[in-house]
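Now for the letters of each chain:
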Amino acid sequence: MAAVIVELSKTFKYSNQAGTEVECSFIELIEPTGKVSNTCCQIESFIQKGLMEMASMFSDDGQSSPDEQSKESKLDKKTILVMMNSSGAMDKIVINFRDLFKSVALMGGEKALTIPRMDEMSHKDFKELMVVYTENFILN
Amino acid sequence: METELILVDASIEVDDQTVLIEGNSVVLIEGTGEASVKMASMGGTLIPIVSEDLSTKVGMVKFEMPATVNSINVSREFRAKGPERVVRVSGTDAGGNRLGRTLMHAIMTNDPDKEIKNEGKISIEFSGSQLVVS
């Protein structure tokens, strides 16, 4: 699958190969390789757990479960975020994503995202990265 | 009068990667350069003549790393990568005052002794453009 671009709401600076600092306004997310399969599988298992939790809640009141909904249409970002939260392991998901993004996220489409630069990103942008990556590469 | 605090736990990043550093080892040279002043006379009046030495406008960041195997390899990479490195120094004191300086177009200029012994250290020196506030 082609790479996905995520525009940042709050930019930050990173060092490019020319020895200067440039503004990072977007992150390019690339498809995971076998090297990071373990991390992707861990994230997927947490999300599946969240899906099960949501399914049990919905089945109690007779509404259709998210599992049924997902068969009909692609999951939207909000649902993915709710699934992550429902897993009860959001902190572990974040830790796994921080590890994963070192290999699959490129600042400005040219340089691997590093932990210090992730620390500078806004919480909102980081959540957006997690959701977009899940939508395109983990659950797709 | 408020108490002023000395920053003792600055962080150093080379090319966006945080570096392991020894405490109390970070030294910055802003690279504002040296200037000399000589007096000349005109009609018996003394006039100061100021001259800036552009060749001394070199920013520097110096620090020491504990001589772990990882640090020995990392410092070798710094040297091997040659010029065009970016070194950031940042920190916040207990009073919330922030220090931020960036050294651009930097190169590791020294070839340090890598002490393989108890409490061994590696001295690192990066030189480049004048430091900029970040």
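In the block above lies the structure referred to throughout.
Residues numbered from 1 in each chain as written. Chains lettered and ligands numbered in written order. Predicted model: local features only at pLDDT ≥ 70, side-chain atom pairs only at ≥ 80, totals over all residues.

Caption draft 1: Representation of the sheet that holds strand 2 (residues 21-29) of chain A. Residues and elements named next belong to chain A. One open sheet holds the four strands; their spatial order is 1-2-3-4, and the pairing between them is antiparallel. Edge strands, defined here as strands with exactly one partner in the open sheet, are strand 1 (4-15) and strand 4 (111-112). Inspection of the sheet shows strand 1 paired to strand 2 by eight bridges, in the antiparallel sense. Bridging from a neighbouring strand, Val-4 pairs with Leu-29 of strand 2. Of the strands in this sheet, strand 1, strand 2 and strand 3 (105-107) touch helix 6 (residues 123-138), which is tilted by about 140 degrees from strand 1. (Pairing = 2+ DSSP bridges. Helix = DSSP H or I, 4+ residues; strand = E, 2+ residues; numbered from the N terminus. Contact = placed C-beta atoms within 7 Å. Axes fitted to C-alpha atoms, helices over the stretch in contact; angles between N-to-C directions.)

Caption draft 2: Structural context of helix 3 (residues 77-86) of chain A. Residue and element names in this part refer to chain A. Buried residues of helix 3: Ile-80, Met-83, Met-84 and Ser-86, and no others. Within helix 3, the buried residues cover an arc of 165 degrees as seen down the axis, which keeps them to one side. Of the residues one or two after helix 3, Gly-88 is the one with positive phi, at around 75 degrees. (Buried ≥ 20, exposed ≤ 12 C-beta atoms within 10 Å, placed from the backbone. Arc of directions from axis to C-beta.)

Caption draft 3: Structural view of the nonpolar core. Ranked by size, the top nonpolar core spans 24 residues in total, and within it Ile-27, Ile-47, Met-83, Phe-97, Phe-101, Ala-105 and Leu-129 of chain A carry the most contacts. Setting aside its immediate chain neighbours within four residues, Ala-105 of chain A contacts Ile-27, Leu-29, Leu-113 and Leu-129 of chain A. The next biggest cluster of nonpolar side chains, apart from the first, holds 19 residues, and it includes Val-14, Ala-67, Ala-106 and Met-108 of chain B. (Core = buried A, V, L, I, M, F, W, Y, C linked by C-beta atoms within 7 Å.)

Caption draft 4: Examining the pairing of strand 1 (residues 11-14) of chain B more closely. Residues and elements named next belong to chain B. Burial along strand 1 is one-sided: Ile-12 and Val-14 are buried, and none of Ser-11 and Glu-13, which face the opposite way, are. Where strand 1 lies against strand 7 (residues 85-92), four bridges are found, and the strand directions are antiparallel. Across the sheet, Val-14 pairs through a bridge with Val-87, a residue of strand 7. Taken together, the two bridges between strand 1 and strand 2 (residues 17-18) define a ladder with antiparallel strand orientation. Paired with Glu-13 across the strands is Thr-18, a residue of strand 2. With antiparallel pairing between neighbouring strands as the criterion, strand 1 and strand 2 make up a hairpin whose turn holds two residues, including Asp-15 at a positive phi of roughly 50 degrees.

Caption draft 5: View of the interface of chain B and chain A. Counting from both sides, the interface comprises 13 residues of chain B and, opposite them, 11 residues of chain A. Sorting the residues of the side of chain B that touches chain A by element identifies strand 2, strand 7 and strand 8 (98-108) of chain B as the ones contributing at least two each. Top contributing element to the side of chain B that touches chain A by residue count: strand 8 of chain B, with four residues. Looking at the side of chain B that touches chain A, its residues break down into four nonpolar, four polar and five charged. (Nonpolar A, V, L, I, M, F, W, Y, C, P; charged D, E, K, R; others polar.)

Caption draft 6: Unusual backbone geometry, seen in detail. Residue and element names in this part refer to chain B. With phi around 70 degrees, Asp-16 is a residue other than glycine that occupies positive phi space. With respect to the helices, strands and loops of the structure, Asp-16 is situated in the loop between strand 1 and strand 2. Of note, the phi angle at Glu-119 is positive, near 55 degrees, even though the residue is not glycine. Assignment of secondary structure puts Glu-119 in the loop between strand 8 and strand 9 (121-128).

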